[in-house]
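Overview (structure and organization)
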Amino acid sequence: IAGITQAPTSQILAAGRRMTLRCTQDMRHNAMYWYRQDLGLGLRLIHYSNTAGTTGKGEVPDGYSVSRANTDDFPLTLASAVPSQTSVYFCASSASDRAPNEQFFGPGTRLTVL
Amino acid sequence: GDSVTQMEGPVTLSEEAFLTINCTYTATGYPSLFWYVQYPGEGLQLLLKATKADDKGSNKGFEATYRKETTSFHLEKGSVQVSDSAVYFCALSDPGRDDKIIFGKGTRLHILP
């Protein structure tokens, strides 16, 4: 593989269920990010990790958690999904968390919470 | 706080028309500026960037100039193609805000054959 992969591609989930979105990169990038994309709102940062073992909260972290056990993987977990979490989720990575911080994006996961 | 404002879409043009998508920003520091493009069903990919005032980023016939005096980074292309149909995002990375990227809301571009 080359770049960033995300799984699943899409998912329909009942409210209250737990869900983990997977993200893997093979570029040995230090920094990784999770965004959600909603119509009319652009991309909003959920959580980020500047390096393996560290994580931080973005603009809209509530209801989501992340972990960064190693360089390559950065899963996003919804502990108890709600309909407002219906969105397209993008994982991204960058070699460094410092400017100019060019980010590379995965293909996205379309999540529908009913 | 930091923000990016770009023109509302959708923008519809005929093939070979001239394109301008306006983008202005506010930032506490001295940001780097980017244009990302999202083709249907895909993630975002970097189109071009500029890291200091008066820099011109260019790629695939698109270009944008970092204008510090007007806090702008407008995207232009002289002759668009149907394959340019996509959503375009202006973005900044501000060292004064821990270098996190802030995206505009995106502008959808439709090119008619």
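Whatever comes next refers back to the structure up there.
These remarks concern the structure in this document. Predicted model, so just to flag it, every value in this text is computed and none were measured.

**Remarks on the sheet that holds strand β9 (residues 75–77) of chain B**
All names here are of chain B. Strand order in the open sheet made by the four strands is β3-β9-β8-β7, with antiparallel pairing throughout. Among the strands making up the open sheet, the edge pair consists of β3 (19–21) and β7 (56–59). Strand-to-strand twist in this sheet, taken as the mean axis angle between neighbours without regard to direction, amounts to 20 degrees. In the sheet, β3 pairs with β9 via three bridges, with the strands oriented antiparallel. Its bridge partner being in β9, Ile21 is matched across the sheet by Leu75.

**Considerations on the sheet that holds strand β8 (residues 76–78) of chain A**
All names here are of chain A. Overall, antiparallel pairing links the four strands, which are arranged β1-β3-β8-β7 in an open sheet. Two strands in the sheet have a free side with no partner beyond their single neighbour: β1 (4–7) and β7 (64–66). Here the strands of the sheet are splayed against their neighbours by 20 degrees on average, with no regard to which way each runs. With three bridges connecting them, strand β3 (residues 19–25) and β8 associate as antiparallel partners. Each residue of the ladder has a partner; that of Leu21, found in β8, is Leu76.

**Some remarks on the interface of chain B and chain A**
If you look at the interface, chain B gives 21 residues, while chain A gives 21 residues. Summed over the shared surface of chain B and chain A, the result is one salt bridge. Residue Lys49(B) is joined to Glu102(A) by a salt bridge in which the shortest nitrogen-to-oxygen separation is 3.5 Å. Our count for the contact surface shared by chain B and chain A stands at two residue pairs in polar contact (both at pLDDT 80 or more). When residues of the side of chain B that touches chain A are traced back to their parent elements, those giving at least two are β5 (32–38), β6 (44–50), β10 (86–93) and β11 (101–103) of chain B. Looking at the side of chain B that touches chain A element by element, the count peaks at four residues for β5(B). Grouping the amino acids of the side of chain B that touches chain A by side-chain chemistry returns eight nonpolar, seven polar and six charged.

Reading the values: the criteria
- Residues numbered from 1 in each chain as written.
- Chains lettered and ligands numbered in written order.
- Predicted model: local features only at pLDDT ≥ 70, side-chain atom pairs only at ≥ 80, totals over all residues.
- Heavy atoms only, no water.
- Pairing = 2+ DSSP bridges.
- Helix = DSSP H or I, 4+ residues; strand = E, 2+ residues; numbered from the N terminus.
- Axes fitted to C-alpha atoms, helices over the stretch in contact; angles between N-to-C directions.
- Contact = heavy atoms within 4.5 Å.
- Salt bridge = Lys/Arg side-chain N within 4 Å of Asp/Glu carboxyl O.
- Polar contact = N/O pair within 3.5 Å; in protein donor to acceptor, adjacent residues only side chain to side chain.
- Nonpolar A, V, L, I, M, F, W, Y, C, P; charged D, E, K, R; others polar.

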